[in-house]
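One-letter residues, chain by chain:
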Amino acid sequence: MKTSRIAAATAAVVLGSLTLSACAPYGVACPAIAFVYTAPVAIEMSPDLIGDGTLAACLGEACEPAAIAPVEPGRWEVPQEAPYAREDTIGLDAGAGIRVVIIDASGVTVRDEWFDIPFVSSSDGFCPGPGEFQPVVVT
């Protein structure tokens, strides 16, 4: 009887120690790793949508769009720095968005829209994992 009580107490101490020391089985606890995406956000659209006008964009809530030149026909890359993002921006999280504004040649705003930035994660479904933002496609 005394042996079984000692065995039970020992098992409780070992189990409690493992739980409190974060040595839990895989899938029970997520690693404390942050995944930060700092690359430019790509916008893809037909150059015909802009014509002789300008594309302006910005990242974050209540941002002020700034004009940006295409890196190639039909593709713009918006850096995560001023004037396209706040000065204190340290990367984007899943669920981030971008404001895209098309201004015609006479300076009139033709479109002013908010787009979610498509995000693909390699997560196992339980813990967040590394991922990448896909281009925002404007049609």
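Up top is the structure.
Residues numbered from 1 in each chain as written. Predicted model: local features only at pLDDT ≥ 70, side-chain atom pairs only at ≥ 80, totals over all residues. Heavy atoms only, no water.

Draft legend 1. How the structure looks around the sheet that holds strand β9 (residues 136-137). With mixed pairing, the three strands of this open sheet are ordered in space as β4-β1-β9. Of all strands in the sheet, those with a lone pairing partner are β4 (75-78) and β9, marking the two edges. Examined bridge by bridge, strand β1 (residues 41-44) and β9 share two bridges and lie parallel to one another. Considered in β9, the bridge of I43 is made with V136. (Pairing = 2+ DSSP bridges. Helix = DSSP H or I, 4+ residues; strand = E, 2+ residues; numbered from the N terminus.)

Draft legend 2. Summary view of the nonpolar core. Residues I43, M45, L55, V78, I98, V100 and I117 are the most contacted members of the largest nonpolar core, which totals 24 residues. Sorting the residues of this core by element identifies β1, β2 (54-59), β3 (66-68), β4 and β5 (97-103) as the ones contributing at least two each. When neighbours within four sequence positions are excluded, M45 is seen to be in contact with I50, L55, G74, W76, V100, I102 and V138. (Core = buried A, V, L, I, M, F, W, Y, C linked by side-chain atoms within 4.5 Å. Buried < 20%, exposed > 50% of the residue type's maximum accessible area, 1.4 Å probe, protein only. Contact = heavy atoms within 4.5 Å.)

Draft legend 3. Structural detail: unusual backbone geometry. In this model, A82 is joined to P83 through a cis peptide bond whose omega is 10°. Mapped onto the secondary structure, P83 falls in the loop between β4 and β5. A positive phi angle is found at A62, which is not glycine, with a value near 50°. Structurally, A62 can be placed in the loop between β2 and β3. Here A62 falls in the exposed class, since its relative accessible area comes to 84%.

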